[in-house]
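# Overview (structure and organization)
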Amino acid sequence: MSTPYTVNGADSEAGLQQFPDSEEGERRSNMQAWIEAEGYLRRAQRILAVTHLAPDGDAIGSLLAFGHAMQSLGKTVTVACQDPAHSRFDYLHGVHDIRLSGEGNFDLMVSIDASDLQRLGSIFLPVQHGRLPLVVFDHHITNTMFGSVNVVDSSASSSAEVIYRLLRRLDVRIGSEIAAALLTGIITDTLAFRTSSTTPETLSIAMELMRAGASMPEITRRALVLRSYDSIRFLANGIVTSQLEDGIVYATITRKMRKDLGVKEDRGDAGLVGTLITSMEAHVAAVFVELVDGSVEVGLRSAPGYDVSQVAFEFGGGGHAAAAGCTLPGPMRDTVNRVLSRLRRMIRET
Ligand SMILES: [Mn+2]
């Protein structure tokens, strides 16, 4: 059967026949991981589910969907994260039940949307949690496979997509609450279906979630579009102070700038790096944010054809080819110089 057009220039049937050995092996080990993960979940009674610090929409949405699903299967489940969810996610059922501590008596730990143990921050308690089996669900290509079982699908647009597949496998009924949580994850991680990670599968899952009662316009507006007036001024300041050199557009945000602008949040870039990469001249965008303790959070984005995930990984972070991040000890000037020179090399070698 011939199709009128193809995705990414590759016919899907031909693609399947030409799986290189490594991909075939990866597919098989992933199938094994799914089976093992299901086994752990079915046997568990008291589950601690956690996500990464400074949680985004995918972290919160995937965590809540997983929590609701486990509850519907009769499990006792605690959802937890080092940092609270942003108030923009207040429309999600159960968002105020997310605990800021990992204390308790559990027989299984589940990590969602975190690419390594450090990303869990203080929610991971080495002494208490170290002896628990750990199931990891994620979609970051830089995942360090830190679980006892790792279901990591880097072709998924979001962890929400991975959790959707899990719920289908477990025959969990997807009602409007789970649907809204999962669609929040998909919409935020794909910037409303605009990233290169968006696939026909992503759209078909989103369609199912809408049919299950999730409102696409409402979720898009609340999770992605609305921002505080302060953050608009913050963004404007970041844009005017940014610089473009050698295909890299970058900006630095110091604690003083944040204070002068009256921004309450003590981390994050209000979407600045995502705005800077829309510059036609940029291969890469970088935003350097000075944190309270003097360390520097680095957000990276790349234009198609460039990969910032490896750069972030080398500096102790991780992410995707098009969007990644890391945190360095600082000070600001050293960090900017180190990261920019590494990015220049990446661009030369691409
Ligand atoms: Mn994600």
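Scroll up for the structure.
Structure report, in brief. (Residues numbered from 1 in each chain as written. Predicted model: local features only at pLDDT ≥ 70, side-chain atom pairs only at ≥ 80, totals over all residues.)

### Re the overall build of the chain
For the chain, the helix and strand inventory stands at 13 helices and eleven strands. Here the chain has a C-alpha radius of gyration of 20 Å; the compact-globule value for 350 residues is 20 Å, and the two agree. Dimensions of the chain, computed from C-alpha atoms along their principal axes, come out at roughly 55 × 55 × 40 Å. A total of 350 residues make up the chain; the buried ones form 43% of that total. Long-range contacts, defined here as pairs at least 24 residues apart, represent 68% of the contacts in the chain between residues at least 6 apart. (Helix = DSSP H or I, 4+ residues; strand = E, 2+ residues; numbered from the N terminus. Rg over C-alpha atoms; globule rule 2.2 N^0.38 Å. Buried ≥ 20, exposed ≤ 12 C-beta atoms within 10 Å, placed from the backbone. Contact = placed C-beta atoms within 7 Å.)

### What to know about the nonpolar core
Ranked by size, the top nonpolar core spans 64 residues in total, and within it A49, I163, L182 and L183 carry the most contacts. Excluding residues within four positions of it along the chain, L182 makes contact with G61, A65, A160, I163, Y164 and L209. The next biggest cluster of nonpolar side chains, apart from the first, holds 31 residues, and it includes A286, L300, V339 and M346. (Core = buried A, V, L, I, M, F, W, Y, C linked by C-beta atoms within 7 Å.)

### Structural notes on the sheet that holds strand β4 (residues 134-138)
Spatially, five strands are ordered β2-β1-β3-β4-β5 in an open sheet, and the strand pairing comes out parallel. On the outer flanks of this sheet lie β2 (76-80) and β5 (149-152), each paired with one strand and no other. Going across the sheet, the axis of each strand differs from the next one's by a mean of 15 degrees, ignoring polarity. With five bridges connecting them, strand β1 (residues 46-51) and β2 associate as parallel partners. Looking across to β2, one finds that L48 is bridged to T78. Together, β3 (108-112), β4 and β5 form the strand contacts of helix α5 (residues 159-169), whose direction differs from that of β4 by roughly 120 degrees. (Pairing = 2+ DSSP bridges. Axes fitted to C-alpha atoms, helices over the stretch in contact; angles between N-to-C directions.)

Nothing here speaks to function; it is all geometry.
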